[in-house]
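# Fold and contact review
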Amino acid sequence: MTTASDHLSRSALLFLSRQSNLKDVATRLKPFRQLAARFIAGETLEEVVDAARALTAKGLMASFDHLNEAVRSPQEARDEVKQYLRLLARIDQVGVKASVSLKLTQCGLLFDRSLALQNARAVVADATARDSFVRVDMEESAVTQATLDIVRSLHSEFGERHVGAVLQSYLRRTEEDAKALCAERVRVRLCKGAYLEGPDVAFPDKQDVDASYVRCMRILLDSGVYHGIATHDERMIDATLAYAARQQLPKGAFEFQMLYGIRRDLQEQLAKAGHPVRVYVPYGKHWYPYFMRRLAERPANLWFVMRNLMKG
Ligand code: FDA
């Protein structure tokens, strides 16, 4: 059950996730770093490759995310492209089953939309040459339309096997987006949504977000396109399994996706039952906003940090 205090903590944590001035202080605190290590595979490419090897050994696939969002300069955005090109080359070399996840604000979307397209295009072109896949993460609703426009442009050039979108079931617009993207054969990762949004654009109540998730999941599963069902919510997973059985879909018709460090038991259980499962593996130095969104999803995590801070 979600309580009023959960709502309040979630909003407060999401507000703090956007305060870049807090980032330097927070990332130096040991309890923060300790808890962050549960959700972030490491700060370097080699650490993340080790994490991917461990996942592969358990029959899990990965999608790597080099953490750094809302970059502020063209140079920073170009540096992110270089990081992704190194990452794709390393994945190829090591031979782990992995794709990449990319944020468009990491490519410059907040200050130059055509630069963001150009940068994302460079990453998708490289992934295509390596027969890999780029999932374009979805960020705040202020950039939803621009993000989908860019994904569509990349999809028309590189095709469904090399680039896909993310939709968030908390947004009121998402059901229509799901129908449109399926008609265009764009691969979608369906998640609930992790940002602070107003009731004008997003459902404020969890039960409406969940109901929207189930409606969208059904649209995706009916489409014959290979989508990702991204959730740790067992009720959403059960609803997906039940619908897939009813529609007589084979196990490889879609994949489940979960975040690194969350519900590892469920990840392994689904993989053992023969379902494709992909783990989203974030890494890099700029983990503060990602980590704060994970805290906001489960404010109970915050008590771990508070207790350890008080212990000194
Ligand atoms: P819900 O929040 O209801 O949680 C269900 C259960 O999962 C909880 O009861 C708990 O057991 C466990 N759980 C969930 N979060 C936890 C946490 N942080 N710590 C510990 N346990 C936790 N969002 C977005 O806006 N844009 C994006 O591009 C993506 N990408 C993405 C990729 C993948 C692979 C996943 C799984 C998720 C995302 N998300 C995302 C995040 C997503 O929107 C959502 O915030 C989280 O997945 C939490 O929602 P659940 O569906 O897990 O349900």
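Description of the structure in this document.

What counts, and where the lines are drawn
Residues numbered from 1 in each chain as written. Predicted model: local features only at pLDDT ≥ 70, side-chain atom pairs only at ≥ 80, totals over all residues. Heavy atoms only, no water. Helix = DSSP H or I, 4+ residues; strand = E, 2+ residues; numbered from the N terminus. Rg over C-alpha atoms; globule rule 2.2 N^0.38 Å. Buried < 20%, exposed > 50% of the residue type's maximum accessible area, 1.4 Å probe, protein only. Contact = heavy atoms within 4.5 Å. Lys, Arg positive; Asp, Glu negative; His and termini not counted. Charge placed at Lys NZ, Arg CZ, Asp CG, Glu CD. Expected span 1.5 Å × (residues − 1). Arc of directions from axis to C-beta.

Along the backbone of the protein there are 13 helices and 8 strands. Against the 2.2 N^0.38 benchmark of 20 Å for 312 residues, the protein shows a C-alpha radius of gyration of 19 Å, consistent with a compact globule. Viewed in the frame of its principal axes, the protein has a C-alpha envelope of about 55 × 45 × 40 Å. Taken across its 312 residues, the protein has 53% of its residues classed as buried. Within the protein, contacts between residues separated by at least 24 positions form 74% of all contacts whose residues are at least 6 apart in sequence. If the 45 positive side-chain charges of the protein are averaged to one point and the 38 negative ones to another, these points end up 4 Å apart.

This part takes up helix 4 (residues 45–57). Here helix 4 is 13 residues long and its end C-alpha atoms lie 19 Å apart, about the 18 Å a rise of 1.5 Å per residue gives. Regarding helix 4, the residues found buried are Leu45, Val48, Val49, Ala51, Ala52 and Leu55. Seen along its axis, helix 4 keeps its buried residues to an arc of 160°; they face one direction. Those residues of helix 4 that are buried lie in contact with strand 1 (61–66), helix 5 (74–94) and strand 8 (277–283). Gly59, located one to two residues past helix 4, shows a positive phi value of around 80°.

In short, the description is geometric, and any link to function would need to be established separately.
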